[in-house]
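# Structural description and commentary
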Amino acid sequence: MVTAEILNSHPVKTLKSEISKTNIKGYSKLRKNEIIELMLKYKSRFSHIKKKGEEPKPPKKIKIIRDKKEPVKKKVIKIIKTPKIEVPKITITEPEPEKRKVFSRGGRFFKPKEPKSKLPPIPKFSAKIKLPKEEVQQEPKKQDFKFDKENITIETKIYGSITKYEIEYYDENENTYIEMTLRKGVNNLLFLEHLSSQFDKDKPRAKKGYTRAMLCNLINMLLNKKLVTKRTKFGLIAGDIGGITGKFKKKHNIKNLVGMYESMGFKKTRGAAEGEQQLESNVETVLKWCMGKYKL
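The model shown is predicted, which means the values in this text are computed figures rather than measured ones. (Residues numbered from 1 in each chain as written. Predicted model: local features only at pLDDT ≥ 70, side-chain atom pairs only at ≥ 80, totals over all residues. Heavy atoms only, no water.)

Successive residues of a regular strand alternate their side chains across the two faces of the sheet. Every second residue of strand β4 (residues 162–171) is oriented toward a common face, the buried set being T163, Y165, I167, Y169 and D171 and the non-buried set I162, K164, E166, E168 and Y170. Strand direction decides the pairing type here: strand β3 (residues 152–159) and β4, joined by eight bridges, are antiparallel. Pairing of K157 across the sheet is with K164, part of β4. As consecutive antiparallel partners, β3 and β4 are separated by two residues, and within that stretch G160 has a phi angle of approximately 65°, a positive value. Sheet topology note: the β4/strand β5 (residues 176–184) ladder contains nine bridges and is antiparallel. (Buried < 20%, exposed > 50% of the residue type's maximum accessible area, 1.4 Å probe, protein only. Helix = DSSP H or I, 4+ residues; strand = E, 2+ residues; numbered from the N terminus. Pairing = 2+ DSSP bridges.)

Strand order in the open sheet formed by seven strands is β3-β4-β5-β6-β7-β9-β8, with mixed pairing between adjacent strands. Looking along the sheet, the strands with just one partner apiece sit at the ends: β3 and β8 (267–269). Direction aside, neighbouring strands of the sheet carry axes that sit 25° apart on average. Across the sheet, helix α5 (residues 254–263) is in contact with β6 (189–196), β7 (233–238), β8 and β9 (277–282); its angle to β9 comes to roughly 10°. The strands that helix α6 (residues 283–293) touches are β6, β7 and β9; relative to β9, the one it contacts most, it runs at about 85°. (Axes fitted to C-alpha atoms, helices over the stretch in contact; angles between N-to-C directions. Contact = heavy atoms within 4.5 Å.)

One pass over the full model with this rule turns up three salt bridges. Put simply, K21 and E18 hold a salt bridge, and the shortest N to O gap is 3.7 Å. For K21, a relative accessible area of 65% puts it in the exposed group. (Salt bridge = Lys/Arg side-chain N within 4 Å of Asp/Glu carboxyl O.)

Turning our attention to the environment of N188. With respect to the element layout, N188 can be found in the loop between β5 and β6. According to the relative accessible area criterion, N188 is partly exposed, its value standing at 30%. Between the alpha carbons of N188 and L227 there is a distance of 9.8 Å; along the sequence they are 39 residues apart. Not counting the four nearest positions on each side in its chain, N188 is found in contact with R183, T232 and K233. Within the structure, N188 has its side chain in polar contact with the backbone nitrogen of G185 (distance 3.1 Å). (Polar contact = N/O pair within 3.5 Å; in protein donor to acceptor, adjacent residues only side chain to side chain.)

Moving on, we come to the confidence of the model for the chain. Summing up the model confidence of the chain, the mean pLDDT is 79 and the portion of residues at 70 or higher is 75%. Residue range residues 242–250 is modelled with pLDDT below 50. Its contacts to residues more than four positions away, or to other chains, number 16 contacts. (pLDDT = per-residue confidence, 0-100.)

With that settled, the discussion passes to helix α2 (residues 12–20). Every α-helical turn comprises 3.6 residues, leaving residues that sit three or four positions apart pointing alike. Within α2, burial applies to L15, E18 and I19. Viewed along the axis of α2, the buried residues span an arc of 100°, placing them on a single side of the element. Contacts from the buried residues of α2 go to α1 (4–8) and α3 (32–41). (Arc of directions from axis to C-beta.)

Judged by nonpolar contacts, the single largest core of 39 residues is most densely connected at I178, M180, L192, L218 and Y261. Where this core is concerned, the elements lending two or more residues are β4, β5, β6, α4 (210–224), β7, α5 and α6. Grouped together as the second largest cluster of nonpolar side chains are 13 residues, I6, L7, L15 and Y27 included. (Core = buried A, V, L, I, M, F, W, Y, C linked by side-chain atoms within 4.5 Å.)

We now examine the packing of α2 against α3. α3 packs onto α2 with a crossing angle of 35° between their chain directions and a minimal axis gap of 11 Å. The two elements α2 and α3 cross, and the hand of that crossing is left-handed. Of the residues in α3, those in contact with V12, L15, K16, E18 and I19 of α2 are K32, I35, I36 and M39. (Left-handed = near helix turned anticlockwise from the far one by under 90°.)

Relative to the elements of secondary structure, G185 occurs in the loop between β5 and β6. Spatially, the C-alpha atoms of G185 and T163 are 6.6 Å apart, while their sequence positions differ by 22 residues.

Taking 1.5 Å per residue, 15 residues should reach 21 Å; α4 reaches 21 Å between its end C-alpha atoms and fits that length. Here α4 lies mainly inside the structure; 12 of its 15 residues are buried. Taken residue by residue, α4 has Y210, T211, A213, M214, L215, C216, N217, L218, I219, N220, M221 and L222 as its buried positions. Next to the buried residues of α4 lie β3, β4, β5, β6, β7 and α6. Positive backbone phi, approximately 60°, marks K226, located one or two places after α4. (Expected span 1.5 Å × (residues − 1).)

If you want it as C-alpha cells, here you go:
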C-alpha cells in the first residue's frame, strides 16, 4: 500500500508526473504536502509506487558470445594509372628575309638587278602645286536707306474698347506712300492698307527696295514704341491695296504681288473677293525678313 512516507521520499517533479498519468486535475499549483494528500485520496491509482531506493533494479544485460566468424577478406581495387602523354612544344619561327647575294665575276663583285615593277613610274614634279583657296561666303550687303520720321503721321481713334491707329508715311522726294491701320483690343491686328512706290503716276518710281525698307522701319518703330508685339497679326489683301480707303485704283498684277509678299513671310488665307488674295503673317516673321535685307 502507498503511504505518505513512500510518497514523501520522491521529489515533487516525480509526483506530478505520476499524477499526470491519471485523470486527476488541479494539482499544478499545489505544494508537496498538498500533492501527497491528494494522492492518498486515490491510493488505488498509485499502488505501484515504492519507496525511493527500494525500486527493483533493471536486469543486467547478458552478453551473448557467438562463434567467431572467419575474417572478411577486404576487396582490393586496383587503380590503373594511364600514362601521361607528353605533347611536344611547337615553336613557330618566321623565315628570315632573304639577304642579297653578292656574286663575284672576274675578281669583281656585283649585285643582282632587282625585278622591275609592272606599275608605271611615278612622275616627279619639280614645281609647287597650288591648292585652290577656300571660298569664304560673304553675307549679302544690306541696303541702307535714310528713314525720315517727319514723313510719318499717326491719328488715333477710339471706338468703345477698341483703339484704332491710322499710320501714314509719305515721302514726296521718293514718290513713296504707305498706309497702315492698327486695331488694338481683344485681338490686335496690323493691316497694310496701301503700299506704293509711285504715288504720283506723273513722277518717276522710287529707288528699288526703298518702299519696302520704309515699311520695315515703320514696323520696327511700332515695335519699339510697344504699340505692337512680335506676335501681333499682320494682314493685307493683294490686288486691292488701298481698296478699303478707296483712294487708289486696282492696277496690279496679283501673281507678282502674291509672290512678293510670300517672299516676305506672308501666307495665303481665305476670305478675299474674286480677283484678290488675302495674306497673313505676324510682326516677328516680317521683321526677320527685313533684318536680312535692310539696315534698320
